[in-house]
Structure formats: structure tokens, C-alpha cells
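# Chain and residue survey
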Amino acid sequence: MLRILYPHMYVPSILDVDPLELKKRGIKALLMDLDNTIVPRDREEFSQEVVMWLKRLREHGLKLCVVSNNGTARVNKLVAPFNIPYVVRAVKPMRQAFTKGMDILGVKHSETAVVGDQIFTDILGGNRLGLFTILVVPMSGREFWATNLINRRLEKLVLKKISSRVSHEDQKYTVR
Ligand SMILES: [Mg+2]
């Protein structure tokens, strides 16, 4: 029953998401969460490491789209300079925003991965559409109060549950 909450992969940081590994799995596009996945929630710019990572993904031909529950002002400011398309006010785990992201990029479900730091928005939303889901450990930074209040507590329970299913390799794990 909890399976819909399990990510396919769990990595310590977005920087551990390897374009070659994605390509090996037939993934051509990555729908990325913004806050605490590729940038700390209280920061106004990407780190140099993330900028290099984005560049590397693109060099490998991966298509990128940001799918964020946050609003236009913040997302546009961060993402537009990189010419990455985005969907804002996504209301994840609702499916529409992920579908919209795939439409923008012109990719199929089987070619799409979702990466995010929250089980109950990013992972659940991606899994509901049958996409390949990657959970990252949240970047540090101030979190939206409701995130702390509800999601993180439940996430702890889920993470505890899936920890027994994990196969460790280079600190990454494949859950199923
Ligand atoms: Mg997030």
C-alpha cells in the first residue's frame, strides 16, 4: 500500500543524479523540483555546482523542466536565465503539472524522471503517473512551515519503512 510513496532511487544530493545512469534507463527528460532540491529555499541563486550539473545534463542531451509548487516570481528569477522551461503553482502531487511538463518537452511517460526532495509531493505525484522517481535529501535552508508540520513527519515514517528494502551502492540506492 505504501509502494506509491517509494522512490525508485534515493540519492544524497541532486549532484548524485548522473546523466549517464538516467540515459541507461531510457530517460530523456527530467522534471525537477526547485526548492530544497536544486536550490535551498532561502537562496536566490543556484550554486556553481548545480550550474555545472545542469550544464552536464544538457550536454548529455537530457531535456529539463522545473515543476514547482512555488509561484512565478521566484521560479522565473532563478530558472529563466538558464532557458529552462517551468511549470509553477504545480499543486503536486496533482498530476496536471507533470503532464504539462512532459508536453512542453515533448516526451513520453516512459522517458521521464521526476526528481524532488519530498515524498508526498514530488515522489507521489511522479509515481501516480508511472514516471521514474528520484528522491534527494533536502538541501538545508528554511522550509515552508506547512512542509515541516505535516510532510516531514510522515516522510520519516516512510523512509524508515523503505530503509529495509534498500540496496546500497555508492551511497545511492535503488528501492525496487
Ligand atoms: Mg522541494
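Residues numbered from 1 in each chain as written. Predicted model: local features only at pLDDT ≥ 70, side-chain atom pairs only at ≥ 80, totals over all residues. Heavy atoms only, no water.

## Observations regarding the pattern of salt bridges
Our working definition: Here a salt bridge means any side-chain nitrogen of Lys or Arg lying within 4 Å of a carboxyl oxygen belonging to Asp or Glu. Each residue is placed in one exposure class: buried if its accessible area under a 1.4 Å probe, protein chains only, is under 20% of its type's maximum, exposed if it is over 50%, and partly exposed if it falls in between.
Scanning the entire structure with this criterion turns up 9 salt bridges. A salt bridge links Asp35 to Arg41, with the shortest nitrogen-to-oxygen separation between them at 3.7 Å. The exposure class assigned to Arg41 is partly exposed, which follows from its relative accessible area of 26%. Among the ionic contacts, a cluster of salt bridges with common partners joins Asp35, Arg41, Glu44, Arg74 and Lys77.

## Section: the nonpolar core
Condition: Buried residues of nine kinds, namely Ala, Val, Leu, Ile, Met, Phe, Trp, Tyr and Cys, make up a nonpolar core once their side-chain atoms join them within 4.5 Å. Helix and strand definitions here come from DSSP, where helices need a minimum of 4 consecutive H or I residues and strands a minimum of 2 consecutive E residues; each element is numbered from the N-terminal end. Note on definitions: a residue-residue contact is assigned when non-hydrogen atoms from the two residues lie within 4.5 Å.
Within the largest apolar cluster, 28 residues are counted, with the highest numbers of intra-cluster contacts made by Leu30 and Met32. Secondary-structure elements contributing two or more residues to this core are strand E1 (9–11), strand E2 (29–32), helix H2 (48–59), strand E3 (63–67), helix H3 (72–79), strand E5 (112–116) and strand E6 (132–136). It is H2 that contributes the most residues to this core, 4 residues altogether. Leave out the neighbours within four places in its chain, and Leu30 touches Val17, Leu22, Trp53, Leu57, Lys63, Leu64, Cys65, Ala113, Val114 and Val115.

## A closer look at the environment of Asp18
Tracing the backbone through its elements, the reader meets Asp18 in the loop between E1 and helix H1 (19–24). Placed 38 residues apart in sequence, Asp18 and Arg56 show a C-alpha to C-alpha distance of 9.1 Å.

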